[in-house]
Amino acid sequence: MKRATPWLFLAPYLLLFSAFVAAPVLYGLWMSLHNWDQFLPEKPFIGLENYANLFTPGSAKAGPFWDAMLATGIFTLFSVPLLVVLPLGVALLLNRRFKGRAVFRAIYFAPYVLGVVVVSMVFRFVLDPNIGALNHLLGTTTPWTTALPWAWVSLIGMTVWWTLGFNAVIYLAGLQDIDRSLYDAAAVDGAGRWQQFWNVTLPSLRPVTVFVVTVTILASANLFGQSYLMTQGAPEERTRSAIMFIAEEGFQDFNLGSAAAMSYVLAMFLMALSAGVFFFFRKRGAA
Amino acid sequence: MRETRREFLAAAAGAALVLAGCGGSSRSDGAQVTLDFWNGFTGGDGPQMLALVQAVEKEHPEIRVRMVTARWEDFYTKLPAAVASGEGPDVALMHVDQIPTNAAHRTIMPLDDLVRDLDLQEDDFAAPVWRAGAVDGRRYGVPLDMHPIGLYANQQVLSEAGLDPESLPTTRDEYESALEELKGKGVQGHWVTPFFFTGGHQFMSLLWQFGGDLTDPEATRATWNSDAGVEALEWMRSLIAKGYSPRNVGQDADSIAFKNGQNAFIWNGAWAIGDYGSTEGLEWTLAPLPKIGSVAAAWSNSHNFTVMRQPTPDPQRLEAVKVLIDGVTRSPAWAEAGQIPARRSARESEAFRKLEAQSALARQVPDLRFAAAAPGLSDVRESTLDIAVAQAINGSRPVREALDDSARRANELLALNREKYGT
Amino acid sequence: MKRAWVWVALIALSVIYLAPILWMLVTAFKTEEESAASPPTLLPSQWSTEALDTIFSSSAQTPVPRWFVNSLVAALGTGLVVVLTAAPAAYALARMEFPGKRLVFGLIVATLFVPPIIFLAPNYEIVEALGWLDSLPAVIFPVSAGAFGVFFLRQFFVGLPKELEEAALLDGANRLQVFLRIVVPLSRPALATLFLLSVLTNWNDFLWPLYVLFNPENLTLGPGLGLLQGANQTNYALLMAGGLVASVPVLILFAVAQRYIIEGVSRSGLKG
């Protein structure tokens, strides 16, 4: 094998990787140390000031930034358990042989291919407090998109509606991979359906569950389109997510350096969270 | 109040272009120029602007215009990026308070030469608007219009409640008693929203009415947390407390309710004239805002023509831009979209006077207030005052506390902006 | 008994899933006034194509079909770029020995854990420096550089039996021939999975195209449909018509290819 061969195989990807993954990680750090307005010729070096602003309690940047972090936190905290448990239930419903199974599976998965913009527009309309169909149907005047906690109920409910099918399909594949003989053995031991679920199904699904939990946490923490389009941060920017705030800071207020600093702070949180999930499941796996 | 819109538009645009033909230099050497023209008219005003542009095209066959609209908030994030990357338009309309930011970013270019060529003077315009289009002594904007908010009334709802649909309330007492009357008939007359459209505009108008101001004249310090600001917000809250408005009104829901006859009054911008005018079965009228505070005042903004910096300026395109700006600002036809023309000749034209609603708004011209401008100021307002107004209206925070806190944060951000923009 | 309970659950859930989509459908055929009527009407009192006409007629302003094509090109382009670059790289990392291999693989895997928000600000400046703002390469190449594809395919290649490849090498085939004639055909399901996942991810992307595309003819569906939401006026009939025009083709595409798409997604959980 020629010495160059592996590098020639790697070259196209490494080119992309260096330009859009490796370089930006370092370049973003560099930007975060500047008062970086992308449309001003001067981008003065200001050291850690962008970070210091975020950790000075009561400062103009820290307040809204941590409010936005809290918003993302609330959303993640409530949406992840629902998106881990409900899709498993749906997968169990679908995990049997009957006519039309593929149709139901397709119906539950369909919203995912519509994309966040269409889904948000439809829900903004359905949930409109004054002319929306839901309030009319229920005979209520619930402020679904304009007051708390309703705006959270709406954002979480809509996200569950949108992505439930995605997770359910992954669970379903996991269920179908479970060795039938494990159930037979459990049945011989006199285990009922519930015990079979608890002692066979759940443990066998562990790797799939780890995947679903991790992917869902990261997706939830990336909350942007739903609140950008449906609640537009209402009420009072309290559903404005961390990503939405970072994008505003960078592209609306033209502080790309400060936005980069905020990205790093958010990223630290997310990486700590992923590590936590990883060790949690590894410990449970070893026990 | 449904004029024959099309006919009027055609006549007015035609008249303007005869004038434009005299003033503007239309050298037609056969070479076609296609201009990109951006604005934020995503509502009913979009087709109106397009008609004006097409009128200019008809008069000047060598000029073609591609008009592009985006929501204003998206427009202001896209425009500097597009210009910086060489994908920007030739000419754009923007709000006068955005001019300092865009001038600082070198997105737009000074128009002193263009204004001299067209012989435009302060005298030809409403003075406060004309002055707002300059930064550090250089002119960046040519004002097209003024768009204040005014008092819209649903005449059918008023009649059914036993109120005179022809004489609208002009004072605080009259306004409140009308609302009380409506409440007695089961109508929540004035819906208060926590959003900038329309809650934010109402607050600023009331702030000025109670004798306050948004900032000091140099726009270095926020002053909206004055007693006047507190009074203004307290009054808005009182409409909810007294049951004249529901709680938690959604974005644009007040305007939809107005069209559906669910409320009677809405303090909305001039831009709504087109929308309400084309709503079938809606009988409405428009008047200056009632005087709730101690002085008459109404918030207003203005669309200004601005010209984008290009990597290599093209004299032929600039010439075409000049023709477009002159033609559109001269025409009273833009008033059809609900706007008050900034150019005096258009405002004093016979065609404009025929427009009842617009003329009613124009009676407010001496009382109109424009926010002081500085680079980044409108973004600061958005991330501070707008939130405070929403908090107070939703009742999630006491009025004074919300205003004080937002003013403190605004002052900090204004200081950061001064450092950044070197102003 | 039990079966009945399952059917009730499945059908109830289907109603929850279909109702909003059907509501979009009927609203798209109402007039602007009727779409905002309170109380709402179930079916349009008269079926109107007013909103759909606007979508298709004012083509310079809101060219929904054009956005659809752009989105499709961006999504398929991303799928292709990912597969074409990740597959050879993953093969080198799975089968070849060379100095620096551990370092390269370690670096690539490490970036799997970097949250994507990190890339927003710097990649904007990089794309701008490349002159790609407001063009489709901006929404194809940066998103194609993610480490997932290489990681996913390497795991798959490692699991393939080596014998065939070794025999071919002994017969004098070079690495490229082995890769193209043996590995790629054996890996079709994995390559298809990666392709579909990349297409779906790009199709659902909203944040990045929102800030790097400007002119209407260059937009993808995400930021494009956002244009239909006016700032001071909301025409729900128009919004729903835009959503409908954007959705019908994908839903048809999905109905045709749903088996492959769903199998692709489900595979990601097992191998990832």
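Since the structure is predicted, the reported quantities are computational estimates derived from the model, not experimental observations.

Caption draft 1: Structural detail: the overall build of chain C. A tally of regular secondary structure across chain C gives 14 helices and zero strands. Starting at the N terminus and ending at the C terminus, chain C contains elements arranged as α-α-α-α-α-α-α-α-α-α-α-α-α-α. For 272 residues, the compact-globule formula gives about 19 Å, and the C-alpha radius of gyration of chain C, at 23 Å, lies well above that figure. Along the three orthogonal principal directions, the C-alpha set of chain C runs to about 75 × 65 × 30 Å. Counting all 272 residues of chain C, 58% fall into the buried class. Total accessible area computed for chain C in this model is approximately 11500 Å², and 69% of it derives from carbon and sulfur atoms. Between the averaged position of the 15 positive side-chain charges in chain C and that of its 16 negative side-chain charges there is a distance of 19 Å.

Caption draft 2: Structural context of the overall build of chain A. For chain A, the count of helices and strands is twelve helices and zero strands. Scanning chain A from its N terminus toward the C terminus, one meets helices and strands in the order α-α-α-α-α-α-α-α-α-α-α-α. For chain A, with 287 residues in total, the buried portion stands at 60%. Put simply, of all contacts in chain A between residues at least 6 apart along the chain, 64% involve residues at least 24 apart. Accessible surface, chain A: about 12100 Å² in total, of which carbon and sulfur atoms supply 68%.

Caption draft 3: Quick look at the pattern of salt bridges. Residues and elements named next belong to chain B. Enumeration over the complete set of coordinates arrives at 31 salt bridges over all chains. A salt bridge links Asp113 to Arg116; its shortest N-O distance comes to 2.8 Å. Separated by three residues within a single helix, Asp113 and Arg116 lie in helix 5 (residues 112–118), roughly one turn from each other. What emerges from the salt-bridge pattern is a single network uniting Arg397, Glu401, Asp405, Arg408, Arg409 and Glu412.

Caption draft 4: Region of the structure containing the UniProt feature "domain: ABC transmembrane type-1" (unreviewed entry) in chain A. As annotated by UniProt and renumbered to match this structure, "domain: ABC transmembrane type-1" (unreviewed entry) occupies residues 69–277 of chain A. What you have in residues 69–277 of chain A is 78% helix and 0% strand, and the ends, taken at the C-alpha atoms, are 19 Å apart.

Caption draft 5: Summary view of empty space enclosed by the protein. Summed over the entire model, instances satisfying the criterion amount to ten cavities of 30 Å³ or more. The space that makes up the second largest cavity amounts to roughly 230 Å³. Taken together, 23 residues make up the lining of the second largest cavity; nearest its centre are Ser71, Trp203, Asp205, Leu221 and Gly222 of chain C. For the lining of the second largest cavity, the secondary-structure elements that each account for two or more residues are helix 4 (101–126) of chain A together with helix 4 (64–95), helix 11 (188–204), helix 13 (221–227) and helix 14 (236–271) of chain C. Tallying contributions element by element places helix 4 of chain A first for the lining of the second largest cavity, with six residues. The residue inventory of the lining of the second largest cavity, partitioned by class, reads 15 nonpolar, seven polar and one charged.

Caption draft 6: The UniProt feature "transmembrane region" (unreviewed entry) in chain A, seen in detail. All names here are of chain A. UniProt records the feature "transmembrane region" (unreviewed entry) at residues 7–30, 68–94, 106–127, 147–173, 208–229 and 261–281, using the numbering of this structure. As annotated, residues 7–30 comprises 100% helix and 0% strand, and the C-alpha atoms at either end are separated by 29 Å. Annotated as 100% helix and 0% strand, the span residues 261–281 places its first and last C-alpha atoms 31 Å apart.

Caption draft 7: Expanded view of the packing of helix 4 of chain C against helix 10 (residues 175–186) of chain C. Residue and element names in this part refer to chain C. As a packed pair, helix 4 and helix 10 sit with axes 12 Å apart at the nearest point and diverge in direction by 110°. Our classification of the angle between helix 4 and helix 10 gives roughly perpendicular. Here helix 4 contributes Ala87, Pro88, Tyr91 and Arg95 to the contact with helix 10, which in turn contributes Arg175, Val178, Phe179 and Val183. When grouped by side-chain class, the residues that make up the contact of helix 4 with helix 10 number six nonpolar, no polar and two charged.

Caption draft 8: Structural context of a positive patch on the surface. Together, Arg96, Arg97, Arg180 and Arg193 of chain A together with Arg3 of chain C make up a positively charged patch on the protein surface. With respect to the helices and strands, Arg193 of chain A occurs in helix 8 (residues 193–204). Residue Arg193 of chain A is classed as exposed on the basis of its relative accessible area of 64%.

Caption draft 9: Representation of the interface of chain A and chain C within the structure. Across the boundary between the two partners, chain A contributes 88 residues, which contact 96 residues of chain C. Taking both partners together, chain A and chain C bury about 8000 Å²; carbon and sulfur atoms supply 79% of that area. Here chain A is connected to chain C by zero salt bridges. The interface formed by chain A and chain C includes 13 residue pairs in polar contact (both at pLDDT 80 or more). A per-element tally of the side of chain A that touches chain C places helix 4 of chain A first, with 22 residues. Here the residues of the side of chain A that touches chain C sort into 68 nonpolar, eleven polar and nine charged.

Caption draft 10: Up close: the interface of chain B and chain A. In this assembly, 35 residues from chain B lie in contact with 29 residues from chain A. Between chain B and chain A lies a buried interface of about 2700 Å² when both sides are counted; carbon and sulfur atoms form 53% of it. Its largest share of buried area at the contact with chain A, chain B owes to His105, Asn248 and Lys420 of chain B, together 21% of the area lost on that side. Applying the counting rule to chain B against chain A returns one salt bridge.

Caption draft 11: Expanded view of a nonpolar patch on the surface. Together, Trp7, Ile11 and Val15 of chain C make up a nonpolar patch on the protein surface, roughly 270 Å² of accessible area in all. Locating Val15 of chain C in the fold gives a position in helix 1 (residues 2–28).

Caption draft 12: Geometry of helix 10 (residues 227–241) of chain B. Residues and elements named next belong to chain B. Its 15 residues place the ends of helix 10 20 Å apart at the C-alpha level, agreeing with the 21 Å of an ideal helix rising 1.5 Å per residue. Where helix 10 is concerned, the buried positions are Ala228, Gly229, Val230, Ala232, Leu233, Trp235, Met236, Ser238, Leu239 and Ile240. Packing partners of the buried residues in helix 10 comprise helix 8 (172–184), helix 9 (196–209), strand 8 (265–269), helix 18 (385–394) and helix 19 (399–421). Just beyond helix 10, the residue with positive phi is Gly243, at close to 85°.

Caption draft 13: Expanded view of the domain arrangement of chain C. Residue and element names in this part refer to chain C. Each domain of chain C was delimited in the assignment, giving domain 1 (1–48) and domain 2 (64–271). Each of domain 1 and domain 2 was reduced to a C-alpha centroid, and the two centroids are 34 Å apart. Contacts between the two partners involve nine residues from domain 1 and, on the opposite side, nine residues from domain 2. Summed over both sides, the interface of domain 1 with domain 2 buries roughly 750 Å², with 75% coming from carbon and sulfur. Linking domain 1 with domain 2 are zero salt bridges, by the criterion used here. Applying the counting criterion to the domain 1 and domain 2 interface returns two residue pairs in polar contact (both at pLDDT 80 or more). Every element with two or more residues in the side of domain 1 that touches domain 2 is listed here: helix 1 and helix 2 (32–35). In terms of residue count, the dominant contributor to the side of domain 1 that touches domain 2 is helix 1 (four residues). Here the side of domain 1 that touches domain 2 is composed, by residue class, of four nonpolar, three polar and two charged.

Caption draft 14: Region of interest: the pairing of strand 9 (residues 284–287) of chain B. Residue and element names in this part refer to chain B. Residues Trp284 and Leu286 line one face of strand 9 and the alternating positions Thr285 and Ala287 line the opposite face, and both faces are buried. In terms of strand pairing, strand 7 (residues 145–154) meets strand 9 through four bridges, oriented antiparallel. Within strand 9, the residue paired with Asn154 across the bridge is Trp284.

Caption draft 15: Looking closely at the UniProt feature "transmembrane region" (unreviewed entry) in chain C. Residues and elements named next belong to chain C. Mapped onto the present numbering, the UniProt feature "transmembrane region" (unreviewed entry) falls on residues 7–26, 67–91, 103–124, 136–157, 178–200 and 236–257. Taken end to end, residues 67–91 has its terminal C-alpha atoms 36 Å apart, with 100% of it in helix and 0% in strand. End C-alpha atoms of residues 136–157 are separated by 31 Å, and the span's content is 82% helix alongside 0% strand.

Caption draft 16: Spatial organisation of the sheet that holds strand 3 (residues 91–95) of chain B. All names here are of chain B. The strand order across the open sheet formed by five strands is 2-1-3-11-6, and the pairing between neighbours is mixed. Of all the strands in the sheet, just strand 2 (63–69) and strand 6 (142–143) have a single pairing partner and so form its edges. When strand 1 (residues 33–39) meets strand 2, the two strands line up parallel, connected through seven bridges. Residue Thr34 lies in a different strand from strand 2, and its bridge partner there is Arg64. Against the sheet, helix 2 (residues 45–59) makes contact with strand 1, strand 2 and strand 3, and its axis sits at roughly 170° relative to strand 2, the strand it touches most.

Conventions and cut-offs
Residues numbered from 1 in each chain as written. Chains lettered and ligands numbered in written order. Predicted model: local features only at pLDDT ≥ 70, side-chain atom pairs only at ≥ 80, totals over all residues. Heavy atoms only, no water. Helix = DSSP H or I, 4+ residues; strand = E, 2+ residues; numbered from the N terminus. Rg over C-alpha atoms; globule rule 2.2 N^0.38 Å. Buried < 20%, exposed > 50% of the residue type's maximum accessible area, 1.4 Å probe, protein only. Areas by Shrake-Rupley, 256 points an atom, 1.4 Å probe, with all protein chains shown as cover. Lys, Arg positive; Asp, Glu negative; His and termini not counted. Charge placed at Lys NZ, Arg CZ, Asp CG, Glu CD. Contact = heavy atoms within 4.5 Å. Salt bridge = Lys/Arg side-chain N within 4 Å of Asp/Glu carboxyl O. UniProt positions renumbered as here; feature names shortened; annotations may be inferred. 1 Å grid on protein atoms, 1.4 Å probe; cavity = no way out; pocket = protein on both sides within 12 Å on 5 of 7 lines; lining within 4 Å. Points joined across faces, edges and corners; volume = space filled by probe spheres on them. Nonpolar A, V, L, I, M, F, W, Y, C, P; charged D, E, K, R; others polar. Axes fitted to C-alpha atoms, helices over the stretch in contact; angles between N-to-C directions. Parallel < 35°, antiparallel > 145°, perpendicular 65-115°, else oblique. Patch = residues over 30% accessible without salt bridge, like charges linked within 9 Å, V, L, I, M, F, W, Y side chains within 5 Å. Buried area = accessible area lost by both parts, 1.4 Å probe. Polar contact = N/O pair within 3.5 Å; in protein donor to acceptor, adjacent residues only side chain to side chain. Expected span 1.5 Å × (residues − 1). Domains from an automatic or database assignment. Pairing = 2+ DSSP bridges.

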